Amino acid sequence: MLDDRTIEAIADELVEAGRNRKPVPRLTARYPEMTVEDSYAVQQLWRRRNEEAGRTLVGRKIGLTSKAMQAATGITEPDYGAIFDDMVLETGCSVEWDQYTHPRVEVELAFVLKDGLKGPGVTIFDVLKATDYVVPALEILDSRIEMEGRTIVDTISDNAAMGAMVIGGNPVKPDAVDLRWVSAILYKNQTVEETGVAAGVLDHPANGVHWLANKIAAHGDSLKAGDIILAGSFTRPLWVYKGDTVHADYGPLGSVTCRFE
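Within each chain, residue numbers correspond to sequence positions counted from 1 in written order. Only residues with pLDDT of at least 70 get local features here, since the model is predicted, and only at 80 or more are side-chain atom pairs given and counted; chain-wide, interface and lining totals rely on the full set of residues. Water and hydrogen atoms play no part in the side-chain values, which are based on all heavy atoms of the structure.

- If you check an unreviewed UniProt entry, the protein chain appears there as 2-oxo-hept-3-ene-1,7-dioate hydratase from Pseudarthrobacter oxydans.

### Here's the deal with the environment of Ser157
Reasoning step 1: Going along the chain from the N terminus, every DSSP run of H or I of four or more residues is numbered as a helix, and every run of E of two or more is numbered as a strand. Turning to its location among the elements, Ser157 is positioned in helix α6 (residues 152–157).
Reasoning step 2: Sequence-wise, Ser157 and Leu14 are 143 residues apart; in three dimensions their C-alpha atoms are separated by 8.5 Å.

### Comments concerning the nonpolar core
Reasoning step 1: Take the buried residues of types Ala, Val, Leu, Ile, Met, Phe, Trp, Tyr and Cys, join any two whose side-chain atoms come within 4.5 Å, and each joined set is a nonpolar core. Working definition: with a 1.4 Å probe on protein chains only, accessible area under 20% of the residue-type maximum means buried, over 50% means exposed, and in between means partly exposed. Ranked by size, the top nonpolar core spans 76 residues in total, and within it Phe111, Leu117, Leu138, Val209, Leu223 and Tyr250 carry the most contacts.
Reasoning step 2: The element that contributes the greatest number of residues to this core is strand β5 (residues 104–113), accounting for seven residues.
Reasoning step 3: Residue contacts are defined here by distance: any two heavy atoms, one from each residue, within 4.5 Å place the two residues in contact. Sequence-distant contacts of Leu138, that is, excluding residues within four places in its chain, are made with Val105, Glu106, Val107, Ala164, Met165, Val166, Leu186, Val246, Ala248, Val256 and Cys258.

### Section: the pattern of salt bridges
Reasoning step 1: We count a salt bridge whenever a side-chain nitrogen from Lys or Arg sits within 4 Å of a carboxyl oxygen from Asp or Glu. Under the definition given, this model contains 20 salt bridges.
Reasoning step 2: In this structure, the salt-bridge partner of Arg49 is Glu8, at a minimum N-O distance of 3.1 Å. Linking Arg49 in helix α3 (residues 36–52) with Glu8 in helix α1 (residues 4–20), this pair joins segments that are 41 residues apart in sequence.
Reasoning step 3: Judged by relative accessible area, which is 23%, Arg49 ranks as partly exposed.

### A short note on the pairing of strand β6 (residues 131–141)
When a strand is regular, its side chains alternate between the sheet's two faces.
Reasoning step 1: Buried residues dominate β6, accounting for nine of its 11 residues.
Reasoning step 2: Pairing geometry for β5 and β6, over 10 bridges, is antiparallel. Looking at the pairing, Glu106 lines up with Glu139 of β6.
Reasoning step 3: As defined by bridge partners, β6 adjoins strand β7 (residues 162–167) across five bridges and the pair is classed as antiparallel. Looking at the pairing, Glu139 lines up with Met165 of β7. If DSSP finds at least two bridges between two strands, the strands pair.

### Structural notes on the sheet that holds strand β4 (residues 93–95)
Reasoning step 1: Across the sheet, five strands lie side by side as β4-β13-β12-β8-β9; this open sheet has mixed pairing. The open sheet has two edge strands with one neighbour each: β4 and β9 (191–197). Recorded for the sheet is a direction-independent mean angle of 20° between the axes of neighbouring strands.
Reasoning step 2: Of the pairings in the sheet, the one linking strand β12 (residues 245–249) to strand β13 (residues 255–260) comprises five bridges and is antiparallel in character. Its bridge partner lying in β13, Asp249 is registered against Ser255. Throughout, an axis means a line fitted to C-alpha atoms (over the contacting stretch in the case of helices), and angles, computed between N-to-C directions, take values from 0 to 180 degrees.

See the structure below:
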């Protein structure tokens, strides 16, 4: 495992990479002995640096929960990252493409909690009981570490590649629809690029949320009432460029749209 001084140096390097939009060289190439626990230590310190700078934690994202995403990345276990207040955007927004490095878009469901969840031992039933509503979302992926050859260690250190999220559509109570069968059609510039069904996320998107609650318990953390939890993508990431319009049609749950300027 890495020593505290090295972890601090990496976290500060990633904070600076977020400011100047210049990805740093892959961590696992420079620190081959780096472990998953090291990477979560880096992420927690990176999060603390951002909170000290005035950003407010409003939730978490869960990544790499579907076979589609695992196949796209070559990574076979889920991870998580922080969502800050300035990362939450509303449907119809214009997004500055230059704010992100290698931006990509994913289709997800977001759970908004009315009650906290504290592991270990949290189940899917606890998640459904604690959820106020579920709402369609897009996640914008960002990269503060070079992408070629990344492993789970690099991705976790990089806040699970979280850049921003766009919320829209129709919020629904978790028992109002069969969340496994929520589907979406993802368009870029009026062309269908991806389709998916929410059951692709661990068989039920709420499974990712209870995984998260139990995972962060080992790091001395818990989910709070009001938290927004991005439950994981059920499509492959879609590359976007300046001028692209992205539209996700969730059928009865409405749609989410953004444009990259």
